[in-house]
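# Fold and contact review
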Amino acid sequence: MSSILSDFGSRRGFLSKPIILTIVFGFILRLVMGTTFSFPDDTQSWALTIANFEASGSLYELAGYYYTPIWGYILGTIDLLGEPFGVDVFGTRLIELLPLENGDSVAYTLVPSVEFSLMFKIGLFICDLAVAYLVWFIVMDRTDDDRKSTVAFILSFLCPFVITACTSQGMFDTIGALLTLLCVVLMMKEHYVLAGAMFACATLIKIFPGFLLFVLVAYVLSRHKTDGNGMRNVLKAICGAAMASLIFILPQILEGTLAESFSFLLSRTETMGGGFGELLSMATMALYAAILIASILIGRWMYRSEVEDRDGLLLTLLMVNVTVIFLFPANAQYLVLLAPFLVIQLVTVSPKYKVPTAILMVSTAAFAMSSGPLNLVAFAEFTGLLDIHAVVDWIGWYIEPLIGPVTPETIVTCAGVVEYLAIVLILKTFYDVWKETKEHTPTINM
Amino acid sequence: MNERPSDKTVIVIAIAILAVILVGEVVVYTSDYTDYSAEVTRDGNVIEYSVSADGSKSYSVVISDSGGYGKVQRLLLYYDESYPSDYEDVNADVGAPALDQSYYLKQIKALLGFRYVTDIEYVNAEELGEEMQTMVDERKSSGTGLICISGVLPDTIYTGSEGDILFRWLDDGGSIYWAGNLIGCEYATSDGSIVEVEDYQRLFFGSDCLNTDPEVERAYNEYSGNGYREALSLSNNNVKYGVNPSAISGRAVLSLGYERDGFSSITSVQYGSGAIFVFGGDYSDYQRYDMAQVIAAGIGPWSELKECITGTVTRGTTGGTVIVEGSDLTAYAYLGGYYPVYGRYFEL
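Residues numbered from 1 in each chain as written. Chains lettered and ligands numbered in written order. Predicted model: local features only at pLDDT ≥ 70, side-chain atom pairs only at ≥ 80, totals over all residues. Heavy atoms only, no water.

## Description of the overall build of chain A
Helices and strands together make up the secondary structure of chain A, namely 21 helices and 2 strands. For a compact globule of 446 residues, the expected C-alpha radius of gyration is about 22 Å, and chain A comes in at 22 Å, within 12% of that figure. The C-alpha extent of chain A, read off along each of the three principal axes, is 70 × 55 × 50 Å. Counting over 446 residues, chain A shows a buried share of 60%. A separation threshold of at least 6 residues defines the contact pool for chain A, and within that pool the share at least 24 residues apart is 73%. Of the roughly 17300 Å² of accessible surface on chain A, 69% is carried by carbon and sulfur atoms. When the 24 basic and 37 acidic side-chain charges of chain A are each reduced to a single mean position, those positions are 18 Å apart. (Helix = DSSP H or I, 4+ residues; strand = E, 2+ residues; numbered from the N terminus. Rg over C-alpha atoms; globule rule 2.2 N^0.38 Å. Buried < 20%, exposed > 50% of the residue type's maximum accessible area, 1.4 Å probe, protein only. Contact = heavy atoms within 4.5 Å. Areas by Shrake-Rupley, 256 points an atom, 1.4 Å probe, with all protein chains shown as cover. Lys, Arg positive; Asp, Glu negative; His and termini not counted. Charge placed at Lys NZ, Arg CZ, Asp CG, Glu CD.)

See the structure below:
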């Protein structure tokens, strides 16, 4: 316990003045943005999920929740903690938005209440803080440099698209990032059972960390090449992963809803109807297969490399692997998993990552806000501080063609293209840094 | 040199998040509608209500005069894979199972369960015909409802003739809840064919009143004239296949929900002592939520909204009294608004 306190309490430890100011500013910013902006679709899904298990005692009996159970469980805890605060209205059907419903372009008219949104978003803010702390921890552990670790914390906690993901988007990717980072740190510190449990939870909450399996296993095996404990430690991690998985999916096994709990993941690779749909499905499968192969090759790289700084190599290859994963798909909130690994590379390996990081941060945040004024309807409806009819007018203008078929929404959505270019630029920067260091994988720049 | 950060902090964070997940798992699988309760009683014109909740929930107590319409106590779900069906495929959310007839019925059964409508059974075409015949013979159709979303009625109950057992059952007090197509426009036979019916609208409603224009689909206004849309938190605003209540004469009609070009998203029309309920639009989650709510609330063609009391209950019991006049008063208490977690019907 004393060591924990020393992290937080020492004069030159975690709670330095810049970090405290960053935490305060970051929380205020999140509270303001989380109150003002809410994309109705996903947030109302979480409201429905909570109502469904409150009614049925199951995550999957009533339609509405299609993810693996971990996020549903976290919603359970958030619901429990939120009840004393009297969050009684989850949302309402907004008649004013009905005229904007138009065929495939559906305005989301079941709008979650601001207090409900904040109830679960505050949980996400705390996760953001924990992620930023782990980034600080890794940088401090590796560089022993106050300045670098503080910069890493600030970049991580104030990363624009990390903020939009947990505020306007109301998405839980920060929990996946937290679990993944915990797994990495615990592996580096040789707590393999707990690391395995974290890995299982990370993969169960979002599939993407699952692709990191190869590089993580390769890390453990290569680290223990000399003492011969590699396989033993991998088995320890497998035990942790198996225990966590069993505990968390046991209810679905018992009630026979295991297939439903994986339906979102499986639906991504299902065959779609029609010629174009089939082509798209095949392309999706091919891309996932390519990412899988790339992940295996990165694992092979990890295993075969003979470097002293194996932790540094792991962090670099994790950044590369996560970037490769998001070559497809690259939804704004997914990149929350990339942010900590990218920040670590920028601060500890090469300043060359500055440009792609800056472009990624701005473009992804803009892409995340591409729903425009639709993000304001909950604020207008539930606070009365904006006229809901004015917001409806803004939405109408936002989705109306401006020049030819191009709408303001189309223009903002183009930020997604810039975001994608930034992802490619990150890989290019990695290649440049790698070549520069005479093809020895860059790990740390002291 | 700084002191290197201790990995104990990381271990504590890891254990804390495991605890959060585990606590949530317990919360999810130990919660259900029995965490809530409601009671509504009547003493003369004084209605007394109370609502209880473990957590914090909005509640509504909807008091109606049913006009003598008896709420369905027993529900039959028609489903027969050996008979053809005729409804439009709809897009499901990413990850959601295909919203077909089987899944829809399974879901409606679950939605009714936490509203204390539990006497529900599946019937195939043959069983349905036999059930209806028995109920008509014994004059016991009242209080029984049929949910039919196949888009086409089986020939065991309907062949496009006024003398069909379906109409005798409705006349005797049965209620049919219909969605997914134009009611009665065709019937299905056991050999797998579908037969179109002429003048089907007059058979069911006595006049042409259905929305046959597929372009007239989304309604942008709530149905005025009664407060049921808001009182019951009704969501479906699709009027495809819906009924225009003003085109019906000589029968009790109640429209609730949303309206466009005179067509309503939900309409209940009297047929003898029974009722025909038409829910507009192709299959949707909203349509299903509304169907469950209307069935559980015991709303019928003669229903009139008398009072809707709303409020919040937080970890305990709240309640009050209200003066309401009427002869056939009923109450439907539900918690959660547009995200209902509990519903219960009371005859007062």
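## Things to note about the overall build of chain B
Along its length, chain B carries 7 helices and 16 strands. Taken over the C-alpha atoms alone, chain B extends approximately 90 × 55 × 40 Å along its principal axes. Here chain B holds 348 residues, and the buried ones make up 59% of them. Accessible area of chain B: about 13100 Å², with a carbon and sulfur share of 42%. Positive and negative charge centroids in chain B, built from 22 and 51 side chains respectively, lie 7 Å apart.

## Some remarks on the packing of helix 5 (residues 114-143) of chain A against helix 6 (residues 146-157) of chain A
All names here are of chain A. Closest axis-to-axis distance for the helix 5/helix 6 pair is 8 Å, and the angle between their directions is 155°. In terms of orientation, helix 5 and helix 6 fall into the roughly antiparallel class. Handedness of the crossing formed by helix 5 with helix 6: right-handed. Contacts between helix 5 and helix 6 involve F125, D128, L129, V131, A132, Y133, V135, W136, V139, M140 and T143 from the former and D146, K148, S149, T150, A152, F153, S156 and F157 from the latter. Its residues assigned to classes, the contact of helix 5 with helix 6 comprises 12 nonpolar, 4 polar and 3 charged. (Axes fitted to C-alpha atoms, helices over the stretch in contact; angles between N-to-C directions. Parallel < 35°, antiparallel > 145°, perpendicular 65-115°, else oblique. Left-handed = near helix turned anticlockwise from the far one by under 90°. Nonpolar A, V, L, I, M, F, W, Y, C, P; charged D, E, K, R; others polar.)

## Let's talk about the environment of A:H224
Residue and element names in this part refer to chain A. Mapped onto the fold, H224 is located in the loop between helix 10 (213-223) and helix 11 (230-255). Leaving out residues up to four positions away in the same chain, H224 has contacts with E190, Y192, N229, G230 and N233. Among the polar contacts made by the side chain of H224, one reaches the side chain of Y192 at a distance of 2.7 Å. (Polar contact = N/O pair within 3.5 Å; in protein donor to acceptor, adjacent residues only side chain to side chain.)

## Looking at the packing of aromatic side chains
The geometry of an aromatic ring pair comes down to the distance between the two centres and the angle between the two planes. Under the criterion given, the structure shown has 45 aromatic pairs over all chains. Seen in terms of ring centroids, A:F211 and A:Y288 are 6.4 Å apart; in terms of plane orientation they differ by 5°. Their pairing is stacked. Placement of A:F211 in the loop between helix 9 (192-205) and helix 10 and of A:Y288 in helix 14 (residues 274-304) is noted, with a sequence separation of 77 residues between them. Taken as a pair, A:F211 and A:Y288 share a single burial class, namely buried. The residue whose ring lies beneath B:R288 is B:Y104, and the NZ or CZ to ring-centre distance is 5.7 Å. (Phe/Tyr/Trp six-rings, centres within 6.5 Å; stacked < 30°, edge-to-face > 60°. Lys NZ or Arg CZ within 6 Å of the ring centre and 35° of its normal.)

## Some details on the confidence of the model for chain A
Per-residue confidence for chain A gives a mean pLDDT of 89, with 91% of residues at or over 70. Across residues 1-5 of chain A the pLDDT falls below 50, and counting only partners more than four positions away or on other chains, this stretch makes 6 contacts in the model. (pLDDT = per-residue confidence, 0-100.)

## Re a nonpolar patch on the surface
There is a patch of nonpolar side chains on the surface, built from A:L15, A:I20, A:V24, A:I28 and A:V32 and spanning about 400 Å² of accessible area. Among the secondary structure elements, A:I28 is positioned in helix 2 (residues 17-36). (Patch = residues over 30% accessible without salt bridge, like charges linked within 9 Å, V, L, I, M, F, W, Y side chains within 5 Å. Salt bridge = Lys/Arg side-chain N within 4 Å of Asp/Glu carboxyl O.)

## Structural notes on the environment of B:G316
Residue and element names in this part refer to chain B. Positionally, G316 belongs in strand 14 (residues 304-323). By relative accessible area, which is 25% here, G316 ends up partly exposed. Taking the C-alpha atoms as reference, G316 lies 5.4 Å from S52; in sequence the two are 264 residues apart. Among residues more than four places away in sequence, those in contact with G316 are V51, S52 and A53.

## Here's the deal with the interface of chain A and chain B
Across the contact, 75 residues belong to chain A and 63 residues belong to chain B. When the buried area of chain A at its contact with chain B is split by residue, A:D88, A:R93 and A:D144 rank highest and sum to 11% of it. Connecting chain A to chain B are 1 salt bridge. With its nearest N and O atoms 2.8 Å apart, the salt bridge here joins B:K57 to A:E54. Considering every element that reaches the side of chain A that touches chain B, the biggest residue donor is helix 3 (residues 40-56) of chain A, with 8 residues. (Buried area = accessible area lost by both parts, 1.4 Å probe.)

## Points about the nonpolar core
Counting 203 residues, the largest nonpolar core has A:W71, A:F161, A:I175, A:L182, A:L216, A:F326 and B:I147 as its most contacted members. Among the elements that make up this core, the one with the highest residue count is helix 5 of chain A (17 residues). Beyond its immediate chain neighbours, meaning those up to four positions away, A:I175 contacts A:W71, A:I74, A:L124, A:C127, A:I205 and B:I17. With 41 residues, the next largest nonpolar core counts B:Y78, B:L153, B:I165 and B:V197 among its residues. (Core = buried A, V, L, I, M, F, W, Y, C linked by side-chain atoms within 4.5 Å.)

## Considerations on the environment of B:Y223
Residue and element names in this part refer to chain B. Note that Y223 resides in the loop between strand 10 (221-222) and helix 6 (228-231). Residues Y223 and C185, spaced 38 residues apart in sequence, show a C-alpha to C-alpha distance of 26 Å. Apart from the residues lying within four places of it in its own chain, the contact partners of Y223 are P245, S255, L256, G257, Y258, E259 and S264.

## A short note on helix 6 of chain A
Residue and element names in this part refer to chain A. Under the 1.5 Å per step criterion, the end-to-end length of helix 6 is 16 Å for 12 residues, consistent within 8% with the ideal 16 Å. Residues of helix 6 that are buried include every one of K148, S149, T150, A152, F153, S156 and F157, and no others. In this fold, the buried residues of helix 6 make contact with helix 2, helix 5, helix 7 (160-166) and helix 16 (338-348). Sitting at the head of helix 6, D145 places a side-chain oxygen 2.8 Å from the backbone nitrogen of R147. (Expected span 1.5 Å × (residues − 1).)

## Some thoughts on unusual backbone geometry
All names here are of chain B. For Y241, which is not glycine, the phi dihedral falls at a positive 65°. Checked against the element boundaries, Y241 lands in the loop between helix 6 and strand 11 (253-260). Positive phi values are uncommon outside glycine, yet R315 reaches one of about 40°. Inspection of the secondary structure assignment puts R315 in strand 14. Overall, the relative accessible area of 51% leaves R315 in the exposed class.

## A few points about the pattern of salt bridges
Throughout the structure, instances matching the rule amount to 17 salt bridges over all chains. Salt-bridge contacts for A:D432 lead to A:K428; the nearest nitrogen and oxygen are separated by 2.9 Å. Taken together, the residues span about one helical turn, with A:D432 and A:K428 both in helix 21 (residues 415-436) at a distance of 4 residues. By relative accessible area, which is 44% here, A:K428 ends up partly exposed. For B:R74, the salt bridge identified is with B:E131, shortest N-O distance 3.0 Å. Residue B:R74 is located in strand 3 (residues 74-78), and its partner B:E131 is located in helix 3 (residues 125-137); the two are separated by 57 residues in the primary sequence. Overall, the relative accessible area of 19% leaves B:R74 in the buried class. Each of B:R74, B:E121 and B:E131 takes part in a single network of salt bridges with overlapping partners.

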